[in-house]
Amino acid sequence: MNRRFDAIVIGTGQAGPSLAARLTAAGMTVAIVERHLVGGTCLNTGCTPTKTLVASAYAAHLARRGADFGVITGEVRIDMARVHARSQKIATDGRTGNETWLRGMERCTLLMGHARFEGPRTVRVGDDVLEAERIFINVGGRALVPDMPGVNDVTYFTNSSMLATDVLPEHLVVIGGSYIGLEFAQIYRRFGSNVTVVEKGPRLVGREDEDISASIRSILEAEGIAVRTNAECIRFARHPRGIGIGVDCTDGEPEIIGSHLLLAVGRRPNTDDLGLENTPIETNPRGFIHVNDRLETTVPGIFALGDCNGRGAFTHTAYNDYEIVADNLLDGADRKVSDRIPCYALYIDPPLGRVGLTETEARATGKRISVGMRPMTRVARAREKDEQQGLMKIVADTETNAILGAAILGTGGDEAIHAVLDMMAAGGDAAKLARTMHIHPTVSELLPTIAGERSETG
């Protein structure tokens, strides 16, 4: 059956439902299509369930440390069935709320099924052929399964399947020392598993500065997580005690025996089965859809939002994509992706909050830069909470005082970083931040001090 709409939205991740709401409020008829679970990655296999696990793991960790604060507790035990049920309930509640919202939205039709392009203006969903002049692709991504020797001979988890189980591994081996892998590593270590992280590169979270990477490694190793870097040739094989993971590292045993395996080596966009070959829409070799600064694809009237466009792999970047597209189309704005300031967080404990350029990236620009830095041991709030791991720093242009970037690895770092982000967004500089009074005792109160005591580094 042929059905015509003013707009088609493919995918119900962070950008899709909000965009449908704006379009329908403007009087348009909208078809929004979802082939699996309403809510996309964030609600179902991303932020919501993982941060729920982070919270449970933090509770267990703090309970074990009760005596440090003069609080005497008994043995700390983990009920993984309850941990898992709590995580799933919070995710399900969010998904149900989103689906109810969409089904009750005036002029919006929610279709469950696999959408495939049959032409630049037509999309098939089962027996329905949908037509629209405007189409918005918001299909997200999924875990990348690496082409490593033996990977198809063993049982493994990805982030999605790990969240679907209440198993507590005896020894979890995590392949990938970046954001997703490290979060799961610390979660399961705090739940009681032995954990080994295997990273192909020379250090963890290689996109961060070396001092940040080193501090993250120190935090994880202090909790008993084994870290193996420089694993140039990773291979897998069945073993009587689980899985044998071969690693060619500069130090340590050449093989690790784990009971369970988690692959966390990156993400790939869900664009390979959309029928894009039936359109002039262009993708790069990794499958990400080419978009311009206004998020329009190589076909006018077709836009790509969220993880599938390669312009950011976070919930907040997907939502900002929606805001850019909606404001430009409906309000006559001229918003651009290049105008936004990059920001994100790593949710180990303590978390890392990041904004703008790293110190390494700032140096690569050729500008004269200066860096202000403090270890978290100098932060009163961190000492009072006895959470003194990590550091904070601000990178600025020496000549203009413009803030180029900042990192806060420490308690509350994911929240405190917004003080720097908002200063940058408002056009303030390091001198302005240095003269701003902050509240004591907080993590943020050291930011003006750091901004005012920068030393030139190159």
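Residues numbered from 1 in each chain as written. Predicted model: local features only at pLDDT ≥ 70, side-chain atom pairs only at ≥ 80, totals over all residues. Heavy atoms only, no water.

Chemist: Looking at this structure, how should I read the overall build of the protein?
Modeler: Scanning the protein from N- to C-terminus turns up 13 helices and 24 strands. For 458 residues, the compact-globule estimate of 2.2 N^0.38 gives 23 Å, and the C-alpha radius of gyration of the protein, at 24 Å, lies within 12% of that figure. Referenced to the eigenvectors of the C-alpha coordinate spread, the extents of the protein come out at roughly 65 × 60 × 40 Å. Long-range contacts, defined as pairs at least 24 residues apart, comprise 64% of the intrachain contacts of the protein with a sequence gap of at least 6. Put simply, the protein has 50 plus and 58 minus side-chain charges, and the middle of one group is 1 Å from the middle of the other. (Helix = DSSP H or I, 4+ residues; strand = E, 2+ residues; numbered from the N terminus. Rg over C-alpha atoms; globule rule 2.2 N^0.38 Å. Contact = heavy atoms within 4.5 Å. Lys, Arg positive; Asp, Glu negative; His and termini not counted. Charge placed at Lys NZ, Arg CZ, Asp CG, Glu CD.)

Chemist: Sorry, what's going on with unusual backbone geometry here?
Modeler: For residues besides glycine, phi is generally negative; the peptide bonds are generally trans as well. With an omega of 0°, the peptide bond running from Asp 349 to Pro 350 counts as cis. Considering the arrangement of structural elements, one finds Pro 350 in the loop between strand S19 (343-346) and strand S20 (352-356). Omega for the peptide link from His 440 to Pro 441 comes to -5°, which places this bond in the cis form. With respect to the secondary-structure elements, Pro 441 resides in the loop between helix H12 (430-434) and helix H13 (446-452). Even without glycine at this site, Asp 386 takes up a positive phi of about 55°. Even without a glycine there, the phi angle at Asn 401 is positive, about 70°. Here Asn 401 shows up in the loop between strand S22 (391-397) and strand S23 (403-409).

Chemist: Looking at this model, I keep getting lost on the sheet that holds strand S7 (residues 128-131). Mind explaining?
Modeler: Neighbouring strands of a sheet are bound in pairs by backbone hydrogen bonds; such pairs are parallel or else antiparallel. The strand order across the open sheet built from four strands is S1-S7-S6-S5, with neighbouring strands paired in mixed fashion. The open sheet has two free edges, formed respectively by strand S1 (2-4) and strand S5 (115-119), since each of these has just one partner strand. Neighbour to neighbour, the strand axes of the sheet diverge by 30° on average, direction disregarded. Note that S1 and S7 share three bridges and pair parallel. Bridging across to S7, Arg 4 finds its partner in Glu 131. (Pairing = 2+ DSSP bridges. Axes fitted to C-alpha atoms, helices over the stretch in contact; angles between N-to-C directions.)

Chemist: It is not clear to me how the nonpolar core should be interpreted in this structure. Could you clarify?
Modeler: Note that soluble globular proteins tend to have their nonpolar side chains buried in a common cluster. Counting 47 residues, the largest nonpolar core has Ile 10, Phe 117, Phe 136 and Ile 137 as its most contacted members. Those residues within four positions of Phe 117 in sequence are excluded, and the remaining contacts are Ile 10, Thr 122, Val 123, Ile 135, Ile 137, Leu 274, Gly 275, Leu 276, Asn 278, Thr 279, Ile 281 and Ile 302. Formed by 36 residues, the second largest nonpolar core is a distinct cluster that contains Val 83, Ala 185, Leu 346 and Leu 391. (Core = buried A, V, L, I, M, F, W, Y, C linked by side-chain atoms within 4.5 Å. Buried < 20%, exposed > 50% of the residue type's maximum accessible area, 1.4 Å probe, protein only.)

Chemist: Got a minute to help me understand the pattern of salt bridges in this structure?
Modeler: Side chains that carry opposite charge are capable of pairing whenever their charged atoms lie near each other. All chains considered together, the criterion is met by 33 salt bridges. With a shortest N-O distance of 2.8 Å, Glu 208 and Arg 354 are connected by a salt bridge. Placement of Glu 208 in the loop between strand S11 (194-198) and helix H7 (210-222) and of Arg 354 in strand S20 is noted, with a sequence separation of 146 residues between them. Just as Glu 208 is buried, Arg 354 falls in that class too. Put simply, Arg 340 and Asp 321 hold a salt bridge, and the shortest N to O gap is 2.9 Å. (Salt bridge = Lys/Arg side-chain N within 4 Å of Asp/Glu carboxyl O.)

Chemist: Honestly, helix H11 (residues 413-425) in this entry has me stumped. Any pointers?
Modeler: The periodicity of an α-helix, 3.6 residues per turn, causes residues three or four places apart in sequence to face the same way. If you check H11, its first and last C-alpha atoms are 18 Å apart, about what 13 residues at 1.5 Å a residue would give, namely 18 Å. Taken together, the buried positions of H11 are occupied by Gly 413, Asp 414, Ala 416, Ile 417, Val 420, Leu 421, Met 423 and Met 424. At its buried positions, H11 is contacted by S19, S20, S22, S23, H12 and H13. Gly 427 lies just past H11 and shows a positive phi near 85°. (Expected span 1.5 Å × (residues − 1).)

Chemist: Explain the sheet that holds strand S13 (residues 235-239) here, please?
Modeler: Sheet architecture is open: three strands sit in the order S13-S14-S15, paired in antiparallel fashion. Either end of the sheet is taken by a strand with one partner, and the two such strands are S13 and strand S15 (255-258). The mean inter-strand angle of the sheet, taken between neighbouring strand axes irrespective of direction, is 25°. As paired elements, strand S14 (residues 242-246) and S15 share four bridges and run antiparallel to each other. By the bridge assignment, Gly 246 is partnered in S15 with Glu 255.

These results come straight from atomic positions and should not be treated as a statement about function.
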